[in-house]
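As a plain string of letters, each chain reads:
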Amino acid sequence: MSEFSTILKNILLFQDLSDQDLDETARRITKRTYRLGEYLFHTGSPRTELFIIQSGEVEILQHVGDVQKVIARLGEGNFVGEGAMLDDDPHTNSCRAVVDTEILTLERDAIDDIFEKSPDATRKILSRVARVITYRLKYASFGYRSAAIGGGKQRMEHDLLGDREVPADAYYGIQTLRALENYDITGISLSHFPTLIRSLAMVKKAAAKANQKLGDLDKDIAEAICAACDEIIAGNLHSQFVVDMIQGGAGTSTNMNANEVIANRALEIMGHSRGDQFVHPNNHVNMSQSTNDAYPTALRLAILLSYEELTESMADLAYELKQKSVEFSDVIKMGRTQLQDAVPMTLGQEFEAFRVTVREDILRTKNIVTLFREINLGATAIGTGITANPEYSSLAIEELSRISGVELVPAENLVEATSDMGAFVTFSGVLKRIAVKISKICNDLRLLSSGPRAGLNEINLPAMAPGSSIMPGKVNPVIPEVVNQVAFQVIGNDLTVTIAAEAGQLQLNVMEPVIAFNIFQSHKMLTHAMTTLTHRCIRGITANREHCRYMAENSIGIVTALNPHIGYENSTRIAKTALETNRSVMELVLEEKLLSEKELEDILKPENMTRPRF
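Heads up: these notes are all about the structure in this document.

## Description of helix α10 (residues 291–327)
Counted at 1.5 Å a residue, the expected span for α10 with its 37 residues is 54 Å, and the 54 Å between its end C-alpha atoms agrees. For α10, a buried count of 26 out of 37 residues is recorded, marking the element as mostly surrounded by other parts of the structure.

Below, the structure written as structure tokens:
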């Protein structure tokens, strides 16, 4: 049997073929090398070949406009392009090598020839193709859990519930596979939040180092675990974190997903096969830990490592608002209360108020996140530290502080800390506060830009998209609108966090996954929303200066500025007459000789109406 025949015999599509059919198929194989970043095929290109991965790794890319989304990563023993065996429709996705990759190809003409000569091979291959496509469609329903969309070799693993086949090229294991099947909830996997994955790896590395120092974990295994964790911290293997963010079990599936990926990568580093027991997800990677201390510690650390993304987006927004406050400092306009004319102000004052309301929550956010420095690592199941060395907790926290660069401290009471979600409730409340304030700013921007002919029309927002499928020339305030909607989501998320935190019972809060999902989602959405608002709206706002001045000068609101000079009764009468006759306040004051023209000009100067004066 030839080299290619031996390879094909271990590929799912060809496992049932006779030696003769295998040799005939192998004879038609062509071998190619694809370098890092090189494409095997592009979206829309003809589907003419089956690609078998002899070594290396490829990723499948889905295109949405200018955006590319990785929906699968496939390694040795897997294949892509199996649709070429069914029809000649063009590829719906693209595929490229993520490392230098050896590929065996089988062209469509060769496939047709094999099918024509061997009905038995045709039946067997097509039945396998159907199985693979069904398998991949099944896992596509889990939100394209990339590492699960395999079709190549399988490995057998065992857990409490029995034996299961796991894709041989997957770094996760049987418990993660069960979680994939159990939790088809949001379609948003752990990999959507890379800082959380890095934090999990840091926790596991800290635990391994602590256990090694205590003499409880073999040095070689500990070093392999740490090396695997370092790769994940650097951004590798994130596609293998496939469990849905919302899950039962208080985060056990997340913890086991991390344990299994780290264990299998450590096995490879030590020269063993994935799935081997030499490095065990529970016995070694999870040593001295429970989900109930490792998982919440990772959640807290993830917030500490990522909150600056939020505060930086707030600082950028505040900076651009400041630029506008300076630019518009001489633009006189009417201030409004209850949507009615109030008193004059400058457009700059309005934007300066926006800046302050954003800026003041930067320090508040920085103060609140310090609550997350207190962690319960070493608490294990309920806070008693059962199964852990008495010296483990302090040593692991010391290691985690060193690894993460964040100063962490042990909780005062580990039993309390294992069940308490108070810090998450407080932080979620701050995110809601920010969302409410940003949304209010967007409401104001939409009102100030309303019109352009039949609204306030005091400012112009940059045009970002045609506004209507039926009304020509209409441009909508789409950026403030999308930020408003983000704010609504964040406000709703805060309620979920509140209810979930209250739902804790006895020594654990099993609702931590939904708390984590909503907080991380709020954090990420708010960060992106403020960046979008800054760069695609605030920066491009212009003022309609003359229109603002006209509205101010012809509003009865300016009569308030005259109140100290002509008295409340006269001011009220003038305002009423101006409304009834559609005449200006200035004209009526001069007519009644309540003030001279020179006095009026001084009182109604913009700088005199927009600040206190003697």
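Moving on from the coordinates now.
## Observations concerning the state of the cysteines
Under the defined criterion, the tally for this structure stands at zero disulfides. Looking at Cys 229, it has no disulfide partner, and the nearest cysteine sulfur is the one in Cys 226, 6.2 Å off. Cys 548 carries a free sulfur, and the closest cysteine sulfur to it, the one in Cys 537, is 16 Å from it.

## Quick notes on the sheet that holds strand β1 (residues 30–34)
What the four strands build is an open sheet, ordered β1-β8-β3-β6; its pairing is antiparallel. Each edge of the open sheet carries a strand with a single partner, namely β1 and β6 (79–80). Both strand β3 (residues 49–55) and strand β8 (residues 101–107) contribute to a ladder of six bridges, which runs antiparallel. Residue pairing in the sheet places Phe 51 in a bridge with Thr 105 of β8. Against the sheet, helix α3 (residues 108–117) engages β3 and β8, with an angle of about 55° to β8.

## Considerations on a nonpolar patch on the surface
On the surface, Val 436, Phe 488 and Ile 491 cluster together into a nonpolar patch covering about 260 Å² of accessible area. With respect to the secondary-structure elements, Ile 491 resides in helix α15 (residues 478–502).

## Considering the environment of Ile 386
Inspection of the secondary structure puts Ile 386 in the loop between β13 (374–375) and α12 (392–404). Residue classification places Ile 386 among the exposed positions, given a relative accessible area of 53%. Between the C-alpha atom of Ile 386 and that of His 63, which follows or precedes it by 323 residues, the distance is 50 Å.

## Structural notes on the packing of α15 against helix α16 (residues 512–536)
Viewed as axis vectors pointing N to C, α15 and α16 meet at an angle of 160°, and their least axial separation amounts to 9 Å. Our classification of the angle between α15 and α16 gives roughly antiparallel. Of the two elements, α15 crosses α16, and the hand of that crossing is left-handed. Side by side, α15 and α16 meet where Ile 479, Val 483, Val 486, Gln 489, Val 490, Asn 493, Thr 496, Val 497, Ala 500 and Ala 501 of the first sit next to Val 514, Ile 515, Asn 518, Ile 519, Gln 521, Ser 522, Met 525, Leu 526, Ala 529, Thr 532, Leu 533 and Arg 536 of the second. Of the residues contributing to the contact of α15 with α16, the split by class is 14 nonpolar, seven polar and one charged.

## A closer look at the pairing of strand β10 (residues 162–167)
As a general feature of sheets, a regular strand has side chains that alternate between the two faces. In this structure, strand β9 (residues 154–159) lies alongside β10, joined through six bridges in antiparallel fashion. Bridge pairing in β10 links Gln 154 to Pro 167.

## Observations regarding the packing of helix α6 (residues 194–213) against α10
The geometry of α6 relative to α10 is characterised by a closest axis approach of 8 Å and an angle of 130° between their N-to-C directions. Classified by the angle their axes make, α6 and α10 are oblique. For α6 against α10, the interelement crossing comes out right-handed. Across the interface between the two elements, Thr 195, Leu 196, Ser 199, Leu 200, Met 202, Val 203 and Lys 204 from α6 touch Ala 294, Thr 297, Ala 298, Leu 299, Leu 301, Ala 302, Leu 305, Ser 306 and Glu 309 from α10. Of the residues in the contact of α6 with α10, the class split is ten nonpolar, four polar and two charged.

## Details of the packing of aromatic side chains
On inspection of all chains with the given rule, the structure shows six aromatic pairs. Their ring planes at 70° and their centres at 5.4 Å tell us that Phe 328 and Phe 351 sit as a pair that is edge-to-face. Of the two residues, Phe 328 sits in the loop between α10 and β11 (332–337) while Phe 351 sits in helix α11 (residues 347–368), which places them 23 residues apart along the sequence. The buried category is assigned to Phe 328, whose relative accessible area is 1%. Of the residues examined, Phe 351 reaches a relative accessible area of 0% and is grouped as buried.

## What about the pattern of salt bridges?
Here the structure, examined in full by the defined rule, presents 35 salt bridges. We note a salt bridge from Arg 583 to Glu 591, for which the minimum N-O separation is 2.5 Å. Where salt bridges share partners, they join Glu 360, Asp 361, Arg 364, Arg 433 and Lys 437 into one cluster.

## So, the nonpolar core
Counting 116 residues, the largest nonpolar core has Leu 196, Ile 225, Leu 445 and Leu 533 as the members making the most contacts within it. Ranked by residues supplied to this core, first place goes to α10 with 14 residues. Core analysis: the next-biggest nonpolar cluster, separate from the first, contains 24 residues, Phe 14, Leu 17, Leu 50 and Phe 79 among them.

## What to know about the side chain of Asp 169
Structurally, Asp 169 can be placed in the loop between β10 and α5 (174–182). Although Asp 169 lies buried, it forms no salt bridge, and the closest oppositely charged side chain, Arg 274, sits 5.6 Å away as judged by the N-O distance. Looking at Asp 169, its side chain comes within polar contact range of the side chain of Asn 78, at 3.1 Å. Look past the residues within four positions of Asp 169 in its chain and what remains in contact with it is Arg 73, Leu 74, Gly 75, Glu 76, Asn 78 and Arg 274.

Definitions and limits used
Within every chain, residues take consecutive numbers counted from 1 along the sequence as written. Side-chain atom pairs in this predicted model are given and counted only at pLDDT of 80 or more, local residue features only at pLDDT of at least 70, and totals for whole chains, interfaces and linings cover all residues. Hydrogens and waters are ignored; side-chain quantities use all the structure's heavy atoms. Numbering of helices and strands runs from the N terminus; a helix is a DSSP stretch of H or I covering at least four residues, while a strand is a stretch of E covering at least two. Expected span, for any helix, means 1.5 Å times one less than how many residues it has. Residue exposure (1.4 Å probe, protein chains only): buried if accessible area is under 20% of the type maximum, exposed if over 50%, otherwise partly exposed. Any pair of cysteine sulfurs within 2.5 Å is marked as a disulfide. Paired strands, in this sense, are two strands between which DSSP finds at least two bridges. Working rule for contacts: check all heavy atoms of both residues, and any pair within 4.5 Å makes them a contact. Axis lines are fitted through C-alpha atoms, for helices just across the contact stretch, and the angle between N-to-C directions can take any value from 0 to 180 degrees. Like-charged residues within 9 Å of one another, or nonpolar side chains (Val, Leu, Ile, Met, Phe, Trp, Tyr) within 5 Å, are grouped into patches, provided each residue has over 30% relative accessible area and no salt bridge. Residue-level accessible areas treat just the shown protein chains as cover; the underlying method is Shrake-Rupley with a 1.4 Å probe. Salt bridge, as used here: a side-chain nitrogen of Lys or Arg that lies within 4 Å of a carboxyl oxygen of Asp or Glu. Small angles under 35 degrees read as roughly parallel and large ones over 145 as roughly antiparallel, with 65 to 115 read as roughly perpendicular and the rest as oblique. Crossing handedness is defined as follows: a turn of the near helix away from the far one that is anticlockwise and smaller than a right angle gives a left-handed crossing, while the clockwise case is right-handed. Side-chain classes follow a simple rule in which Ala, Val, Leu, Ile, Met, Phe, Trp, Tyr, Cys and Pro form the nonpolar group, Asp, Glu, Lys and Arg form the charged group, and the remainder, Gly included, forms the polar group. Note on aromatic contacts: the rings of Phe and Tyr and the six-membered ring of Trp form a pair at centre separations within 6.5 Å, being stacked when their planes are under 30 degrees apart, edge-to-face when over 60 apart, and tilted otherwise. Buried Ala, Val, Leu, Ile, Met, Phe, Trp, Tyr and Cys residues that are joined via side-chain atoms within 4.5 Å together make up what is termed a nonpolar core. Positive: Lys, Arg. Negative: Asp, Glu. His and the chain ends are not part of the count. Definition of a polar contact: a pair of N or O atoms within 3.5 Å, with one able to donate and the other able to accept a hydrogen when the atoms are protein atoms, and with sequence-neighbouring residues admitted only if both atoms are side-chain atoms.

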